[in-house]
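Here is what each chain is made of, one letter per residue.
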Amino acid sequence: MEYNNKSIGIFDSGVGGLTVVKEIINLLPDEKLIYLGDTARVPYGIKSKDTVIKYARSNAGFLLSKGIKILVVACNTASAYSLETLKDELSIPVIGVIEPGAKKAALSTKNGKIAVIGTPSTIRSEAYTTAINNINPELEVYSMACPLFVPLAEEGWHKGEITKQITETYLEEILKKDIDVMILGCTHYPLLKSAIQEVTGNSVLLVDSAEEIAREIRDNINKENNSEIKNSNNEFYLTDVSESFIRIAGTFLGEELNEVNLTDL
Ligand code: DGL
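## Observations regarding the packing of helix α8 (residues 161–175) against helix α9 (residues 193–200)
Between two packed helices, both the angle of their axes relative to each other and the distance between the axes serve to describe the pair.
So, point 1. One can describe the packing of α8 onto α9 by two numbers: an axis separation of 9 Å at closest approach and a directional angle of 50 degrees. What the angle tells us is that α8 and α9 run oblique. Note on packing geometry: the crossing formed by α8 with α9 is right-handed. Contacts from Thr163, Lys164, Thr167, Glu168, Leu171 and Leu175 in α8 reach Ala195, Ile196, Glu198, Val199 and Thr200 in α9.
So, point 2. Of the residues that constitute the contact of α8 with α9, the class distribution is five nonpolar, three polar and three charged.

## Some points on the sheet that holds strand β10 (residues 261–262)
In a beta sheet, neighbouring strands pair by backbone hydrogen bonds and run either parallel or antiparallel.
So, point 1. Taken in spatial order, the six strands of this open sheet run β4-β3-β1-β2-β9-β10, and their pairing is parallel. For this open sheet the edge positions go to β4 (94–96) and β10, each flanked by a neighbour on one side alone.
So, point 2. When strand β3 (residues 68–73) meets β4, the two strands line up parallel, connected through three bridges. Of the residues in β4, the one forming a bridge with Val73 is Gly96.
So, point 3. Helix α3 (residues 76–89) contacts β1 (7–12), β3 and β4 of the sheet and is inclined by roughly 165 degrees relative to β4.

## A short note on the nonpolar core
So, point 1. Ranked by size, the top nonpolar core spans 67 residues in total, and within it Ile8, Leu18, Phe149, Met182, Ile196 and Ile217 carry the most contacts.
So, point 2. Apart from the residues lying within four places of it in its own chain, the contact partners of Ile8 are Ile24, Leu28, Glu31, Lys32, Leu33, Ile34, Ile68, Lys69, Ile70, Val72, Ile217 and Ile221.
So, point 3. Core analysis: the second largest hydrophobic core is formed by 22 residues, Leu36, Ala56, Tyr81 and Val94 among them.

## Quick word on the site of the ligand
So, point 1. If you check the shell around the ligand, you find 13 residues, and the closest are Ser13, Tyr44, Gly45, Thr77 and Thr187.
So, point 2. A distance of 2.6 Å separates an oxygen atom of the ligand from a polar side-chain atom of Ser13.
So, point 3. In the model, a nitrogen atom of the ligand is placed 2.9 Å from a nitrogen or oxygen of the Thr187 side chain.
So, point 4. Relative to its unbound accessible surface of 290 Å², the ligand loses 98% to contact with the protein.
So, point 5. Class assignment of the residues belonging to the shell around the ligand gives a composition of five nonpolar, seven polar and one charged.

## A short note on the packing of aromatic side chains
So, point 1. Enumeration over the complete set of coordinates arrives at five aromatic pairs.
So, point 2. Judged by centre distance (6.1 Å) and plane angle (50 degrees), the ring pair of Tyr35 and Phe236 falls under tilted. One end of the pair, Tyr35, is in strand β2 (residues 33–37); the other, Phe236, is in strand β9 (residues 235–238), with 201 residues separating them in the sequence.
So, point 3. Phe236 gets classed as buried once you look at its relative accessible area, which sits at 11%.
So, point 4. Here Phe149 and Tyr189 contribute two aromatic rings whose centre-to-centre distance is 5.2 Å and whose plane-to-plane angle is 85 degrees, an arrangement assigned as edge-to-face. Residue Phe149 is located in helix α7 (residues 149–155), and its partner Tyr189 is located in the loop between β7 (181–185) and α9; the two are separated by 40 residues in the primary sequence.
So, point 5. According to the relative accessible area criterion, Phe149 is buried, its value standing at 0%.

## Quick word on the sheet that holds β7
So, point 1. The strand order β6-β5-β7-β8 describes an open sheet built from four strands, whose pairing is parallel. Looking at which strands have only one partner, the edges of the open sheet turn out to be β6 (140–145) and β8 (205–208). Put simply, the sheet's adjacent strands are angled 25 degrees from each other on average, direction ignored.
So, point 2. Summarising the sheet, strand β5 (residues 113–118) and β6 pair through six bridges and their orientation is parallel. Within β6, the residue paired with Lys113 across the bridge is Glu140.
So, point 3. Helix-sheet contacts for helix α6 (residues 127–135) involve β5, β6 and β7, and the interaxial angle to β6 is about 165 degrees.
So, point 4. Contacts from α8 reach β5, β6 and β7 within the one sheet, and its direction differs from that of β6 by about 160 degrees.

## Some points on the pairing of β7
So, point 1. Of all five residues in β7, five are buried; the element is thus mostly enclosed.
So, point 2. Neither face of β7 is left uncovered, since the one carrying Val181, Ile183 and Gly185 and the one carrying Met182 and Leu184 both have all their residues buried.
So, point 3. Of the strand pairs in this sheet, β5 and β7 are connected by five bridges, and their pairing is parallel. Opposite Val116, over in β7, you have Ile183 as the bridge partner.

Thresholds applied
By convention here, each chain's residues receive numbers from 1 onward along its written sequence. Predicted model: local features are reported for residues with pLDDT of at least 70 only, side-chain atom pairs are reported and counted for 80 or more only, and whole-chain, interface and lining totals are derived from all residues. Heavy atoms throughout the structure, all of them, feed into the side-chain values; hydrogens and water do not. Only the contacting stretch of a helix is used when fitting its axis, a line to C-alpha atoms as for every element, and angles between N-to-C directions run 0 to 180 degrees. Secondary structure elements are taken from DSSP: a helix is a run of H or I of four residues or more, a strand is a run of E of two residues or more, and numbering for both begins at the N terminus. Note on terminology: angles under 35 degrees are roughly parallel, angles over 145 are roughly antiparallel, angles of 65 to 115 are roughly perpendicular, and the others are oblique. It is the rotation of the near helix from the far one that decides the hand of a crossing: anticlockwise by less than a right angle makes it left-handed, clockwise makes it right-handed. Any two residues having at least one pair of non-hydrogen atoms within 4.5 Å are treated as being in contact. When residues are sorted by character, Ala, Val, Leu, Ile, Met, Phe, Trp, Tyr, Cys and Pro go into the nonpolar class, Asp, Glu, Lys and Arg into the charged class, and all the rest, Gly among them, into the polar class. Strands are treated as partners if at least two bridges between them are detected by DSSP. Only buried residues count toward a nonpolar core. Its members are Ala, Val, Leu, Ile, Met, Phe, Trp, Tyr and Cys residues joined through side-chain atoms within 4.5 Å. Exposed residues in this analysis have more than 50% of their type's maximum accessible area, buried residues have under 20%, and partly exposed residues fall in between, with area computed by a 1.4 Å probe over protein chains only. Being near a molecule or strand, for a residue, comes down to having at least one heavy atom within 4 Å of it. We call two N or O atoms a polar contact when they sit within 3.5 Å, provided that within protein one can donate a hydrogen and the other can accept it, with sequence-adjacent residues counted only if both atoms are side-chain atoms. Each accessible area value is a Shrake-Rupley result obtained with a 1.4 Å probe; residue values ignore everything except the protein chains displayed when judging cover. Within 6.5 Å between ring centres, the rings of Phe, Tyr and Trp (the latter by its six-membered ring) count as paired, and their orientation is classed by plane angle as stacked under 30 degrees, edge-to-face over 60, tilted in between.

Okay, structure coming up:
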């Protein structure tokens, strides 16, 4: 297969990565995307490193079998735990969400104090802290796991009193640190962006990893000069298809997901 006829492969633990797909479609509408959501094994955010690496390898193998030119790990937890392994093992470019988000945060902070919020596994991995301090060791990074944000986003509770209270409770300690940038280190958090911004106030810049990774992919594709006019539709695969996932998927993608394929990898 011609290199530039190949697609961009993207995987996530479920439908959350569709926030990344949405941003890639915005920036690179001519690229064909093949998306795999591992809905049978979601959530990854509370699982161990070894398990997440095992899942990431099988997801990558599936997408490689479809003929992809670049692999995008849209899931923050999978990026945190498995990116190095995938980069070592695969011969195509592998892009994760951590580096682009960390870069944007490190370049944007004025007072050198950055907050990172994500799943318990992403926070435990300290992947964002490491990536930020690799850019600038002077920067102070404060992290907080916000596990209830995933079900809130999936339930469509993107605002309202309960969401506000949960957000205030999670962010209380971190906001005492006088941070001026906060990384939304989970696929689901862009949906809660306005609720989070309401609690942080406008003086805190929210960095959306989905937007940042889309820019990184565009730069990589331009650099390799492998962009191509799309001649077929994007493809969506899930490892478990339920009605509720299809409904949620529409919210994350910002449009209805018409055709979904089931795969058991
Ligand atoms: N996609 C995951 C992430 O970005 C959130 C959902 C999960 O826990 O699997 O970390």
